[in-house]
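The primary structure of each chain is shown beneath.
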Amino acid sequence: MVPRRIVSLVPSLTEALFVFGAGERVVGRTRYCTQPPRAVRRVKTVGGTKKVDVQGVLALGADLVVAVREENRREDVEALREAGVRVFLGEPRTVAGALRMLGELAEAVGAPGAEPVLERIGRVYRRLTGAAAPSRPRRVFVPVWEKPLMAVGADTYVHDLLRVCGGENVFGDRTRYPEVSPEEVEARRPEVVLLPDEPYPFSAAELSRYYALDVPAARSDRVLLVDGKMLTWYGPRMAGSMVQLAGMLRC
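Nothing here was measured: the structure is a model prediction, and the numbers come from that model.

Asks: What is the right way to read the nonpolar core from this model?
Replies: Across soluble globular proteins, you tend to see nonpolar side chains buried next to one another. Formed by 54 residues in total, the largest nonpolar core has its most connected members in L13, L194, M242 and L245. Among the elements of the structure, α1 (11–19), β4 (64–68), α5 (95–109), α6 (115–130), α7 (157–164), β10 (192–196), α11 (228–232) and α12 (238–250) are those that each provide at least two residues to this core. For this core, the leading source of residues is α5, giving eight residues. Setting aside anything within four residues of it in sequence, one finds L13 in contact with S8, V66, V68, M101, L102, L105 and Y234. Of all hydrophobic cores here, the second largest spans 17 residues; its members include A151, V185, L213 and A218.

Pasting the structure below:
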């Protein structure tokens, strides 16, 4: 059955629903679901990604809730299911997996407008993975939090995205989002440091701290502030994000 009242608990997938042509059926979102800006203003908020107002979702009469394991709590998903609400639950940990998930989401909501978007993402992915790999991938460090300092590890979408785009995650021997020290970062000798503005809002205020590290990235002026959506949003912007990131890592 095609859902008529959709609540999305995932910012990137909220954007996807609108791009796919299902936006008019989205009746609920989290406060972090900000794209597309003008369209989401009319949509009621139901808390945050980690603190969902379950009763608020139920009050909206949702017949489908969109969630992912990475961003949403199991307790909230289970509470919604126990209340009889159908939940689409994704778990994208690779670029290919994210592309499959988007196709499944489009099918679940009945969104034929998704096809050209998915085709474009698929073309970019095939071009990058089919092209001759760089002779030596650039070593990349991506912090995701401060105090404690946490990094992107293996078994994550970002880790695989770096691989696809010509990078080597310096903490790829650890899983998920490990705590690391500045000394460990220096020992891994990253050639590129990417400071995203989400989930932690890295800004110019942090640049001096990372330039102070004794690493090739600092010496070659490759400590870069980047849009966090480029790294973590698995949705319609994936094609452009892969092109942009590959340009940073393969040049």
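Asks: Got a minute to help me understand helix α4 (residues 74–82) in this structure?
Replies: Note that an α-helix has 3.6 residues per turn; residues three or four places apart therefore point the same way. Considered for burial, the residues of α4 that qualify are D76, V77 and L80. Within α4, the buried residues cover an arc of 100° as seen down the axis, which keeps them to one side. Exposed and facing more than 90 degrees away from the buried side of α4 are R74 and E82. Looking at the buried residues of α4, the elements they touch are α3 (54–59), β4 and β5 (87–90). Positive phi appears at G84, one or two residues downstream of α4, with a value of about 95°.

Asks: Please clarify how the side chain of R25 should be interpreted in this entry.
Replies: Topologically, R25 is positioned in the loop between α1 and β2 (26–29). Of the side chains with opposite charge, D63 lies nearest to the buried R25, which makes no salt bridge, at 7.3 Å. Of note is the side chain of R25, whose polar atom sits 2.7 Å from the backbone oxygen of P3. There is a polar contact of 3.4 Å between the side chain of R25 and the backbone oxygen of G110. The contact partners of R25, leaving out residues within four places of it in the chain, are V2, P3, R4, R5, I6, R42, V109 and G110.

Asks: What exactly am I supposed to notice about the packing of aromatic side chains here?
Replies: A ring pair, where both rings are aromatic, is described by two values, the distance of the centres and the angle of the planes. Summed over the entire model, instances satisfying the criterion amount to six aromatic pairs. Centre to centre, the rings of F141 and Y210 are 6.5 Å apart; their planes meet at 40°, and the pair counts as tilted. Of this pair, F141 sits in strand β6 (residues 138–141) while Y210 sits in helix α9 (residues 204–211), and the two are 69 residues apart along the sequence. Comparing F141 with Y210, the two get one shared label, buried. Against the face of W233 rests K229, its NZ or CZ located 5.3 Å from the ring centre.

Asks: Can you walk me through the layout of surface pockets in this structure?
Replies: If you roll a probe as big as a water molecule over the atoms, it shows you where there is empty space left. Considering only enclosed or pocket space, the largest pocket measures out at about 830 Å³ in volume. Forming the walls of the largest pocket are 31 residues, and the residues nearest its centre are T49, E71, E198, P199 and T232. Among the elements of the structure, α1, β7 (143–145), α7 and α11 are those that each provide at least two residues to the lining of the largest pocket. Per-element accounting of the lining of the largest pocket gives the leading share, three residues, to α11. Residues belonging to the lining of the largest pocket are distributed by class as follows: 16 nonpolar, six polar and nine charged.

Rules behind the numbers
- Residues numbered from 1 in each chain as written.
- Predicted model: local features only at pLDDT ≥ 70, side-chain atom pairs only at ≥ 80, totals over all residues.
- Heavy atoms only, no water.
- Core = buried A, V, L, I, M, F, W, Y, C linked by side-chain atoms within 4.5 Å.
- Buried < 20%, exposed > 50% of the residue type's maximum accessible area, 1.4 Å probe, protein only.
- Helix = DSSP H or I, 4+ residues; strand = E, 2+ residues; numbered from the N terminus.
- Contact = heavy atoms within 4.5 Å.
- Arc of directions from axis to C-beta.
- Lys, Arg positive; Asp, Glu negative; His and termini not counted.
- Salt bridge = Lys/Arg side-chain N within 4 Å of Asp/Glu carboxyl O.
- Polar contact = N/O pair within 3.5 Å; in protein donor to acceptor, adjacent residues only side chain to side chain.
- Phe/Tyr/Trp six-rings, centres within 6.5 Å; stacked < 30°, edge-to-face > 60°.
- Lys NZ or Arg CZ within 6 Å of the ring centre and 35° of its normal.
- 1 Å grid on protein atoms, 1.4 Å probe; cavity = no way out; pocket = protein on both sides within 12 Å on 5 of 7 lines; lining within 4 Å.
- Points joined across faces, edges and corners; volume = space filled by probe spheres on them.
- Nonpolar A, V, L, I, M, F, W, Y, C, P; charged D, E, K, R; others polar.

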